[in-house]
Structures are given as structure tokens and as C-alpha cells.
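Architecture at a glance
Now for the letters of each chain:
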Amino acid sequence: MSKSYIPVIAIDGPSASGKGTVAQIVANNLGYHYLDSGALYRIVALAALEKGVDWQAEEAIAKLVPQLNIAFAQGEIYLNNSNVSERIRTEKIGQGASQVAAHPMVRLALVNLQHSFRQTPGLVADGRDMASVIFPDATVKIFLTATAEVRAERRYKQLVSKGQKADYQKILMDLQDRDARDTNRATSPLIPDPEASLLETSELTVEEAVNIVQATLLKNV
Ligand code: C5P
């Protein structure tokens, strides 16, 4: 079967918009594969940090990418056989991810790996450029967002529920910082694809957002 016949639900949006949660539930409900593309940029940032490669060193980081052995299994993420699921979720690595993601050579080096997730019966892919660059022929394109304040509050509650220290004002500032870098970069900036349906989730529950995404798929198949 040609890859273009395998359905893709592309869910793009800013940090902490809840797109990862929604994407994973939709993938589970439909029995589809799931691609967390942000995790790939986070892994690259972590690998560069561990190897002492500066996040601004575009060429050196792009050369590092093919050497990385990245695996997703049972909800865990592995880099060179070591479980990095927790380590890639820190704020520092989030900031590093958005720096390495601004380099066109790094983005290019990750394209084939992202395409390889398109397997039957289908894929739910979440990120910033799933609809515009990686899967422009996606069956469904959603731009999922919420106000910066609502996103910061969600992240704050998530950290507190895990027993971690959290400072709402700092989280809000970090989010706005990352939004600005992701939106203003020259390559694959964070902007809704013209074909994407906008899904504003500030006033929605996760379940409501999931239902809207699934209803959009039904309308498009
Ligand atoms: O989604 P997440 O917050 O984990 O992504 C981390 C960073 O990776 C983002 O801030 C963004 O800069 C980058 N990213 C990207 N393109 C994607 C996914 C993530 O540039 N498709």
C-alpha cells in the first residue's frame, strides 16, 4: 500500500496546549500509531548537551542526528538504549529543543525518521509542522491551542500533581519565550497551516477536544 493511503491526523500547536494528551488518546481510541515529534527535538537537544555540542552549532548537531538510536516502546522513550523519558521533559531541555529546532539542517535530518512512523492502520502526529511540512497530505489537520495563561496553568497543575516545585509566573514567561522563538523562526515557524481547523481548547475538557478531533476524521474519510 502506498504510504499516501495511510491516514494521518496532524495535530500542531504551541507548547503545553494539550495536543500531546489529545493526540495520544485519539491514537489509542483508533488503534493508530503515535508520533511525538517534539520528543525528537528534545532528544537531539539532550544528546548535544551530553556530547558537549553547543545548541547553536547547526552543522555539528545535524551530523549527530543519524548517529542517534531512538526508540519508542510502551510509552517510554529510549536514546541509545537508555530510558530518557523523564530527562527530556525538563524546562532546560525544552528550551534547548526549541533552539536546535530552529536550525534547517537539523529539521531536515529528522524528516525521514518522522515519515517512518506512517504505518497502517494510521498515524496521529503531534508537533509544530506536521500539517505544513512533514505530512502535507494529512487526512485531518488540526491546530490545537489555548491562551498562554491557560497553558501555563495546565503545566503548573501537572507539575504540582507530580509533587514537583512550580512557579506559575516563571512557567508563563518560559512558555511565552518558547512561543516567540517557535513563531518567529525562519524555517517551519509555528503558524497554522491554511488547511488546518483551529481548535481553541481554553474552555474545553480533554474529552471534548478528543471528540472534536475524531468527528473531524469521520468527516474527512
Ligand atoms: O512539543 P514539545 O514542547 O515537546 O517540543 C519541544 C520543542 O521542539 C518546541 O518548542 C519546538 O521548538 C520544537 N518542535 C518543532 N517542531 C516540531 C515539534 C517540536 O520545532 N514538529
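Above: the structure in question.
Keep in mind the model is a prediction, meaning the values are calculated, not measured. (Residues numbered from 1 in each chain as written. Predicted model: local features only at pLDDT ≥ 70, side-chain atom pairs only at ≥ 80, totals over all residues. Heavy atoms only, no water.)

Strand order in this open sheet of five strands is β2-β6-β1-β7-β8, and the pairing throughout is parallel. A single partner strand is all that each edge strand has here, and the edge strands are β2 (33–36) and β8 (197–200). The mean angle between the axes of side-by-side strands here comes to 20°, regardless of whether they run parallel or antiparallel. In this structure, β2 lies alongside strand β6 (residues 123–127), joined through four bridges in parallel fashion. Across the sheet, Tyr34 pairs through a bridge with Val124, a residue of β6. Docked against the sheet, helix α1 (residues 19–30) engages β1 (8–12), β2, β6 and β7 (140–145), running at close to 175° with respect to β6. (Pairing = 2+ DSSP bridges. Helix = DSSP H or I, 4+ residues; strand = E, 2+ residues; numbered from the N terminus. Axes fitted to C-alpha atoms, helices over the stretch in contact; angles between N-to-C directions. Contact = heavy atoms within 4.5 Å.)

Taken together, 16 residues lie around the ligand, and Arg42, Arg107, Asp129, Asp182 and Arg185 are the ones closest in. Between the ligand and the protein, one listed contact pairs an oxygen atom with a side-chain N or O atom of Arg178 at 3.0 Å. Protein contacts shield 97% of the accessible area of the ligand, which totals 450 Å² for the unbound molecule. Of all elements in the fold, only α2 (37–51), α4 (91–100) and α9 (168–184) reach the threshold of two or more residues within the shell around the ligand. Tallying contributions element by element places α2 first for the shell around the ligand, with four residues. (Near = heavy atom within 4 Å. Polar contact = N/O pair within 3.5 Å; in protein donor to acceptor, adjacent residues only side chain to side chain. Areas by Shrake-Rupley, 256 points an atom, 1.4 Å probe, with all protein chains shown as cover.)

On to the side chain of Lys19. With respect to the element layout, Lys19 can be found in helix α1. Leaving out residues up to four positions away in the same chain, Lys19 has contacts with Ile11, Asp12, Gly13, Pro14, Asp126, Gly127, Arg128 and Leu144.

We now examine the packing of α4 against α9. Closest axis-to-axis distance for the α4/α9 pair is 10 Å, and the angle between their directions is 15°. Considering their axes alone, α4 and α9 lie roughly parallel with respect to each other. Relative to α9, α4 is oriented so that their crossing is left-handed. Counting all contacts with α4, which are made through Glu91, Gly94, Gln95, Ser98 and Gln99, the residues of α9 involved are Asp174, Asp177, Arg178, Arg181 and Asp182. Of the residues belonging to the contact of α4 with α9, the class tally is no nonpolar, four polar and six charged. (Parallel < 35°, antiparallel > 145°, perpendicular 65-115°, else oblique. Left-handed = near helix turned anticlockwise from the far one by under 90°. Nonpolar A, V, L, I, M, F, W, Y, C, P; charged D, E, K, R; others polar.)

Quick look at the packing of α1 against helix α10 (residues 206–220) now. Axis separation between α1 and α10 bottoms out at 9 Å; the angle between their running directions is 55°. The orientation of α1 relative to α10 falls into the category oblique. Where α1 crosses over α10, the two elements pack in a sense that is right-handed. Residues Thr21, Val22, Ile25, Val26, Asn29 and Leu30 of α1 form the contact with α10, whose participating residues are Val206, Ala209, Val210, Val213, Gln214 and Leu217. Of the residues assigned to the contact of α1 with α10, the class counts are nine nonpolar, three polar and no charged.

All we've got here are geometric facts, nothing functional implied.
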